[in-house]
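# A closer look at the structure
Each chain is listed here by its residues.
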Amino acid sequence: MWTCQECGKTFKNTNQSHYCVQKPQTIEEYILNQREEIQAYLIQVHKTIKAVLPDVTEKISWSMPTYWKGKNIIHFAAHKNHLGLYPGPEGVEHFADKLSDYSRTKGAIQFPYNKPIPLDLIAEIAKWCYEEYAK
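To start, this report covers the structure provided alongside it. Being a predicted model, the structure only gives us computed values, none of them experimental.

So, how was this worked out
Residues numbered from 1 in each chain as written. Predicted model: local features only at pLDDT ≥ 70, side-chain atom pairs only at ≥ 80, totals over all residues. Heavy atoms only, no water. Helix = DSSP H or I, 4+ residues; strand = E, 2+ residues; numbered from the N terminus. Expected span 1.5 Å × (residues − 1). Buried < 20%, exposed > 50% of the residue type's maximum accessible area, 1.4 Å probe, protein only. Contact = heavy atoms within 4.5 Å. Pairing = 2+ DSSP bridges.

The end-to-end C-alpha distance of helix 4 (residues 119–133) is 21 Å, a good match for the 21 Å that 15 residues give at a rise of 1.5 Å each. When we look at burial in helix 4, the residues that qualify are Leu121, Ile122, Ala123, Ile125, Ala126, Trp128, Cys129 and Tyr133. Residues of helix 4 that are buried make contact with helix 2 (36–52), strand 5 (72–78), strand 6 (82–86), helix 3 (88–94) and strand 8 (109–112).

A word on the pairing of strand 5. Within strand 5, six of the seven residues are buried, which leaves it mostly tucked inside the rest of the structure. Relative to strand 5, strand 4 (residues 64–68) runs antiparallel, the two being bridged by three bridges. Opposite Trp68, over in strand 5, you have Asn72 as the bridge partner. Hairpin geometry of strand 4 and strand 5 is characterised by an intervening segment of three residues between the two adjacent antiparallel strands and by a positive phi of about 80° at Gly70. Strand direction decides the pairing type here: strand 5 and strand 6, joined by four bridges, are antiparallel. Directly across from Ala78, in strand 6, lies its bridge partner Leu83. If you look at the hairpin formed by strand 5 and strand 6, you'll find three residues sitting between the two strands.

Listed below in structure tokens is the structure:
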């Protein structure tokens, strides 16, 4: 067990990521709550997704920036060493051939901060998710 020295919350994992203050209500607040050195990455991803999905609702869901149109379309999240993109299992599978350079799980893609973020690929994935999930 680990207890955060700032807020006093107790967690199973040491140094578990969490919000010591009120959870962000907007994507912009979420980004501003992250480490300064990764905010530029998050802003780029947010602008990229917003540009290809102009008619979705932006919200925080599962403590992550989320783009929604009747249901969750796609999420992203800041992690210690990477940006996580969450297009769901179908999205990861559909783009598997373009994701060989990145770590993936069943429904997530990890884009490390020490490499350029592939904004064109993220835009393509977001657009595909919209076409698949907002039906």
